[in-house]
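Residues per chain are reported as follows:
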Amino acid sequence: MVSKQILDDIQNSSAIRAMFIEGKAMAEKVGAENVYDYSLGNPVTPVPDAFTKALKYVIDTEDSLSLHGYMDNAGYPDVRQKVAENLNQRFGTDFDAHNIIMTVGAAGAINVIMKTLFDIGDELMVFAPYFTEYRNYAGNWRGKLVVVNPDYSNFQPDFADFEAKITPKTKALIINNPVNPTGVIYSEDTIKRIAEILNRKQKEYGHEIYIISDEPYRELVYDGKKTVFLTKYYDNTFVTYSFSKSLSVPGERIGYMVIPNAMADFNTVFNGLAIANRICGFINAPSLLQKAVARCLDAQTDVAFYDRNRKMLYEALTRIGFECVYPEGTFYLFMKSPEPDEKHFVEAAKKHHLILVNGTTFGCPGYVRLAYCVQPDMIKRSIPAFEALAKEYHL
């Protein structure tokens, strides 16, 4: 008999994956060229040559036994030092190897952090709309998810709701910046206000409240925008990063976390994280991939490709009459449903072979998410389907 928790997890399994599977089934019936699948955030731009060359170089030059063997649970010290130096160069920080732990992607990093921090019943705060897996991560460590409403005028957080929902059980706030699913970037003013509120609440309750900054889309920003590096604004911040999107390698599961020196009880926290990396079953981040990414930390996928898709889709949908949140980063677009129950709208879209993801999945009913990490030709071919769908709703 499986656990009650996994039965709940099965029942609430990712709607994103469900829509992706439904799109595949639809393609078998009507032909893939007639299905417009905006469900899954799977990169489609080529892996940078620098990454491929780095893999080959490491395989050709490293001793195979040492390359594929164990190392410190935190990762290779030389790799961690290179990551630290790259961050220092880019963001004006002051890290070294002792501030970095290599991880199995950002998801692995978040779970390691929560294993280190959370006792049963502790609360993880999220800003809606949020990446749906955060709920599952909280459940892994018997935590409670607390959802903060957005300010719908700009999709920055509703600060009054945020402050009101912080309790003595609040252990951490997770921030995804830029945001999946809206593509919105939390501004510097927003980050400063979050930090000010949390600093006050830490003093009020007499214990640390952490920020977990989840940044897999940090490099996918447009129009000259930039994200801020949160450790410069709030001491008790973990930064988690994945190379999945920046290098188009989501299946390789490689990333890192940052722990600043200013974090309270730094040594105990760091040691706890290294042990959690092991006892969560990861042991260490993949050895070959650690060595490879260390040689191409400045490499990026073709961000301009996603920018062109962003503009094409946003301009077409708003011209047709749909209301959309303007994406400043990621490769997602959040569109308001023409009817209050967006699940009905998602079903109506299927009749036109449009595969969208309902906003309830992200804690934000009344909206749908479109992943525009697709081929441009699909966007062009989907426009008549959106026009027909809009006509049904008299837009």
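Since we're looking at a predicted model, the values are computed, not measured. (Residues numbered from 1 in each chain as written. Predicted model: local features only at pLDDT ≥ 70, side-chain atom pairs only at ≥ 80, totals over all residues. Heavy atoms only, no water.)

1. Details of the packing of aromatic side chains
Here is step 1 of the chain: Applying the stated criterion across every chain yields a total of 27 aromatic pairs.
Here is step 2 of the chain: Ring plane angle 85 degrees and centroid distance 5.5 Å describe the contact between Phe305 and Tyr306, whose orientation is recorded as edge-to-face. The exposure classification of Phe305 matches that of Tyr306, with both residues buried.
Here is step 3 of the chain: Looking at Lys171, its charged tip hangs above the ring of Phe118, at a distance of 6.0 Å from the centre.
Here is step 4 of the chain: Over the ring of Tyr76 we find Lys291; its NZ or CZ atom is 4.4 Å from the centre of that ring. (Phe/Tyr/Trp six-rings, centres within 6.5 Å; stacked < 30°, edge-to-face > 60°. Buried < 20%, exposed > 50% of the residue type's maximum accessible area, 1.4 Å probe, protein only. Lys NZ or Arg CZ within 6 Å of the ring centre and 35° of its normal.)

2. Description of the nonpolar core
Here is step 1 of the chain: Counting residues in each nonpolar core, the largest one holds 52 residues, and the members touching the most others are Tyr38, Phe322, Met335, Leu370 and Phe386.
Here is step 2 of the chain: Broken down by secondary-structure element, the contributors of at least two residues to this core are helix H2 (15–30), helix H12 (303–320), strand E11 (324–325), strand E12 (332–336), helix H13 (342–350), strand E13 (354–355), strand E15 (367–371) and helix H14 (376–392).
Here is step 3 of the chain: Residues contacting Tyr38, with those up to four places away along its chain left out, are Leu313, Leu354, Ile355, Leu356, Arg369, Leu370, Ala371, Val374, Met378, Ile379, Ser382 and Phe386.
Here is step 4 of the chain: Ile101, Phe118, Val126 and Tyr134 belong to the second largest nonpolar core, which has 30 residues in total. (Core = buried A, V, L, I, M, F, W, Y, C linked by side-chain atoms within 4.5 Å. Helix = DSSP H or I, 4+ residues; strand = E, 2+ residues; numbered from the N terminus. Contact = heavy atoms within 4.5 Å.)

3. What about H12?
Here is step 1 of the chain: With 18 residues, H12 ought to run about 26 Å at 1.5 Å a step, and its terminal C-alpha atoms sit 26 Å apart, in line with that.
Here is step 2 of the chain: Residues of H12 that are buried: Val303, Phe305, Tyr306, Asp307, Asn309, Arg310, Leu313, Ala316, Leu317 and Ile320.
Here is step 3 of the chain: Of the residues one or two after H12, Gly321 is the one with positive phi, at around 125 degrees. (Expected span 1.5 Å × (residues − 1).)

4. What to know about the environment of Asp158
Here is step 1 of the chain: Within the secondary structure layout, Asp158 lies in the loop between strand E6 (156–157) and helix H8 (159–165).
Here is step 2 of the chain: Considering only alpha carbons, one finds Asp158 and Ala128, 30 residues apart in sequence, at a separation of 9.4 Å.
Here is step 3 of the chain: Contacts of Asp158, omitting those with residues within four sequence positions, involve Val148, Asn149, Pro150 and Asp151.
Here is step 4 of the chain: At 3.2 Å, the side chain of Asp158 forms a polar contact with the backbone nitrogen of Ala160.
Here is step 5 of the chain: A distance of 3.1 Å separates a polar side-chain atom of Asp158 from the backbone nitrogen of Asp161. (Polar contact = N/O pair within 3.5 Å; in protein donor to acceptor, adjacent residues only side chain to side chain.)

5. What to know about helix H10 (residues 266–279)
Here is step 1 of the chain: Over its 14 residues, H10 runs 20 Å from end to end, which matches the ideal 20 Å to within 8%, given 1.5 Å per residue.
Here is step 2 of the chain: Residues of H10 that are buried: Phe266, Val269, Phe270, Leu273, Ala274, Ala276 and Asn277. The buried residues of H10 occupy an angular sector of 160 degrees when projected down its axis, which confines them to one face. Residues of H10 that are exposed and point over 90 degrees away from its buried face: Asn267 and Ile279. (Arc of directions from axis to C-beta.)

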